[in-house]
Amino acid sequence: MQPDDSYLRAVSAATERAVAAAEPIRSDHAGADEALRAEVERWVDGHADDLVALSRDLHANPEEAFAEHRSAAQAAELLRRHGHDVEVGVGGLDTALRASVGSGGPHVAVLAEYDALPGIGHGCGHNIICSAAVGGFLAVASAVAATGSRVSLFGTPAEEGGGGKEHLARAGLFDDVDAVVMLHPFSHDIATHPFLGRRQVEVVFHGVAAHAAAQPFMGRNALDAVVATYQGVAAMRQHMPSTDRVHGIITDGGKRPNVVPDRAAALFYVRSAEPGSLRDLASRIEAIAHGAASMTGCGVELNWDNNPAYLPIRHNDALAARWAEHQARRGRTALPRGVVPEYLTGSTDLGNISYRLPAIHPMIGLGDPNLALHTEEFAAAAGSPAGDRAVLDGAVGLALTTVDYLVDAALREAVHAEFQAAGGPLDVPSYFD
């Protein structure tokens, strides 16, 4: 039975009204001069066929996290065709790549993703992310001599749960980078949309096996502990901030009904809008699990973050405003935060980078305000003409925002002042220790 969609329809109508009433975002900074902007934009439009072909190829040949060998190779091939050296297999990840041009001065990294989802392919539109990033890098590279600076493209694998960017950061790939830019396809154009931090925990209970009919009193039921944990999480949801999310599944419930389960397990995703509240929510999950263990007489182990935890995104408004200005050139209105409901979101490993250095992660719309990420409908849109347009508009936006940062010293100062005012860099690897 399908859920009633009355609430969803009401949200859609309210969002449509809010979008119509939203004021355009304005930047306080001049950025690059018009001649340089026009040169960069002409490069993207003049190579549209190459960029769209890359996007369509990745869309037709989706590869999952850490297995994106063909996708990385296709991106590298296009970069090499345009005269750039490419390293594949950087930072200890076989499917990560790096290309750089220029030297000295400020350094911006444009980030590409290209992993897909099991079963539905590019239901998150990473084919668009990759192709727009490649196009943005190449467009800036064509003009980098005029900026006296440096730009790099980093291909970052396994955003879908694998934490590729965190692996690369720990390997030192971002150590000499001053700012990062990337985009994400979505239902709407948004300059700064929140993404939640996310941790994952496997909760494993160890009980005592016994015959469930003859001697149940000699057993200690690990499945009961898992069920108590699941119910405890459900009871906690009323008392969480509205931004927070916890969702889980039982991964092991025993082997046979007539044997008291001596092992049972569950896997939970824990999400929150702030690093501190994510840490607090994780501690509450631990308390529930230990309580369930005490109730049932079982032992418990909690295995946190088999892949790196994701922090929420810390947006840089000064840099995002330049993105919004450039999207207006392409006929798009990049909305400010809060116009589209902020609970329509997920998590991304870009958050980890955004707590190390200034970053933007704007959303670029695919023309349908009712699209939802991680669906077959979104996958279809990512391979449609609307997805092709997003590749080109996105490449222009990334390129021009990058050039603005490289040539406008006042903008750079504002970007870094904002980052420091927000708390400066965080020691991400040790944050949850």
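The rules behind the values
Residues numbered from 1 in each chain as written. Predicted model: local features only at pLDDT ≥ 70, side-chain atom pairs only at ≥ 80, totals over all residues. Heavy atoms only, no water. Helix = DSSP H or I, 4+ residues; strand = E, 2+ residues; numbered from the N terminus. Rg over C-alpha atoms; globule rule 2.2 N^0.38 Å. Buried < 20%, exposed > 50% of the residue type's maximum accessible area, 1.4 Å probe, protein only. Areas by Shrake-Rupley, 256 points an atom, 1.4 Å probe, with all protein chains shown as cover. Lys, Arg positive; Asp, Glu negative; His and termini not counted. Charge placed at Lys NZ, Arg CZ, Asp CG, Glu CD. Domains from an automatic or database assignment. Contact = heavy atoms within 4.5 Å. Salt bridge = Lys/Arg side-chain N within 4 Å of Asp/Glu carboxyl O. Polar contact = N/O pair within 3.5 Å; in protein donor to acceptor, adjacent residues only side chain to side chain. Nonpolar A, V, L, I, M, F, W, Y, C, P; charged D, E, K, R; others polar. UniProt positions renumbered as here; feature names shortened; annotations may be inferred. Axes fitted to C-alpha atoms, helices over the stretch in contact; angles between N-to-C directions. Parallel < 35°, antiparallel > 145°, perpendicular 65-115°, else oblique. Pairing = 2+ DSSP bridges. Phe/Tyr/Trp six-rings, centres within 6.5 Å; stacked < 30°, edge-to-face > 60°. Lys NZ or Arg CZ within 6 Å of the ring centre and 35° of its normal. Expected span 1.5 Å × (residues − 1). Arc of directions from axis to C-beta.

An unreviewed UniProt entry lists the protein chain under the name Peptidase M20 domain-containing protein 2, with Saccharopolyspora hirsuta as the source organism.

A word on the overall build of the protein chain. Within the protein chain one finds 13 helices and 12 strands. For 433 residues, the compact-globule formula gives about 22 Å, and the C-alpha radius of gyration of the protein chain, at 23 Å, lands near that figure. For the protein chain, the spread of C-alpha atoms along the three principal axes comes to 85 × 45 × 45 Å. Counting all 433 residues of the protein chain, 55% fall into the buried class. Roughly 17,600 Å² of accessible area belongs to the protein chain as shown, and the carbon and sulfur atoms make up 51% of that amount. Taken together, the 33 basic and 54 acidic charged side chains of the protein chain have centroids lying 3 Å from each other.

Attention now goes to the domain arrangement of the protein chain. Many descriptions give the size of an interface as the accessible area lost when the pieces come together. Annotation of the protein chain at the domain level lists domain 1 (5–195 + 310–430) and domain 2 (197–304). Taking the mean C-alpha position of each, domain 1 and domain 2 sit 37 Å from one another. Tallying the contact residues gives nine residues for domain 1 and 10 residues for domain 2. On inspection of domain 1 and its partner domain 2, the count reaches zero salt bridges. Counting the contacts that link domain 1 with domain 2 gives two residue pairs in polar contact (both at pLDDT 80 or more). A class-by-class count of the residues in the side of domain 1 that touches domain 2 yields six nonpolar, three polar and no charged.

Locating V339 in the fold gives a position in the loop between helix 9 (317–329) and helix 10 (350–354). For V339, a relative accessible area of 14% corresponds to the buried category. Setting aside residues up to four positions removed in sequence, V339 forms contacts with T15, A18, V19 and A22.

The next subject is unusual backbone geometry. Positive phi, normally seen in glycine, also occurs at D305, with a value near 55 degrees. Tracing the backbone shows D305 in the loop between strand 10 (299–304) and helix 9. Note on D305: relative accessible area 17%, which makes it buried. In this structure, H374 is a non-glycine residue whose phi angle is positive, near 65 degrees. Relative to the elements of secondary structure, H374 occurs in the loop between strand 12 (363–365) and helix 11 (376–382).

Moving on: the UniProt feature "domain: Peptidase M20 dimerisation" (unreviewed entry) in the protein chain. The positions that UniProt labels "domain: Peptidase M20 dimerisation" (unreviewed entry) are, in the present scheme, residues 199–289. Here residues 199–289 runs as 33% helix and 29% strand, with 16 Å between its end C-alpha atoms.

In this section: the packing of helix 3 (residues 48–60) against helix 4 (residues 69–81). Running from N to C, helix 3 and helix 4 point in directions that differ by 170 degrees, and their axes come no closer than 10 Å. The orientation of helix 3 relative to helix 4 falls into the category roughly antiparallel. In contact with D50, L51, L54, D57 and L58 of helix 3, helix 4 contributes R70, S71, Q74, A75, L78 and R81. Split into classes, the residues belonging to the contact of helix 3 with helix 4 amount to five nonpolar, two polar and four charged.

This brings us to the sheet that holds strand 2 (residues 97–102). Sheets are built from strands paired through backbone hydrogen bonds, the pairs being either parallel or antiparallel. Strand order in the open sheet made by the six strands is 1-2-4-3-5-11, with mixed pairing throughout. Strands with a single pairing partner mark the edges of an open sheet, and in this sheet they are strand 1 (87–88) and strand 11 (359–360). Packed onto the sheet, helix 12 (residues 385–407) meets strand 3 (107–112), strand 4 (150–155), strand 5 (179–181) and strand 11 and runs at close to 165 degrees relative to strand 3.

Looking now at the sheet that holds strand 8 (residues 245–252). Within the open sheet, the four strands sit side by side as 8-9-7-10. Their pairing is antiparallel. Because the sheet does not close on itself, it has two edges, and the strands there are strand 8 and strand 10. Each strand axis lies, on average, 20 degrees off the axis of its neighbour in the sheet, ignoring direction. Note that strand 7 (residues 197–206) and strand 9 (residues 263–272) share 10 bridges and pair antiparallel. In the strand pairing of strand 9, V204 is matched with A265. Sitting on the sheet, helix 7 (residues 222–236) touches strand 7, strand 8 and strand 9, and the angle it makes with strand 9 is about 20 degrees.

The next subject is the pattern of salt bridges. What the rule picks out here adds up to 25 salt bridges. Residues R170 and E166 are paired through a salt bridge, measuring 2.6 Å at the closest nitrogen-oxygen approach. With R170 and E166 both in helix 6 (residues 164–170) and four residues apart, the pair spans about one turn of that helix. With relative accessibility at 51%, the residue R170 sits in the exposed group.

The subject of this paragraph is the packing of aromatic side chains. Under the counting rule described, the total for this entry stands at three aromatic pairs. Ring centres 6.3 Å apart and planes at 35 degrees place the aromatic pair Y230 and F268 in the tilted group. Taken together, the residues Y230 in helix 7 and F268 in strand 9 connect sequence positions 38 residues apart. Pairing Y431 with F432 gives two aromatic rings, centres 5.0 Å apart and planes at 85 degrees, and the pair type is edge-to-face. A relative accessible area of 13% places Y431 in the buried class. A cation over a ring is seen here: R198 above Y310, with NZ or CZ 4.7 Å from the ring centre.

Here we take up helix 4. Between its first and last C-alpha, helix 4 extends 18 Å over 13 residues, near the 18 Å set by a 1.5 Å rise per residue. Among all positions of helix 4, only S71, A72, A75, A76, L78 and L79 are buried. Taken around the axis of helix 4, the buried residues stretch over an arc of 160 degrees, which confines them to a single face. G83 occupies a position one or two residues after helix 4 and carries a positive phi of about 90 degrees.

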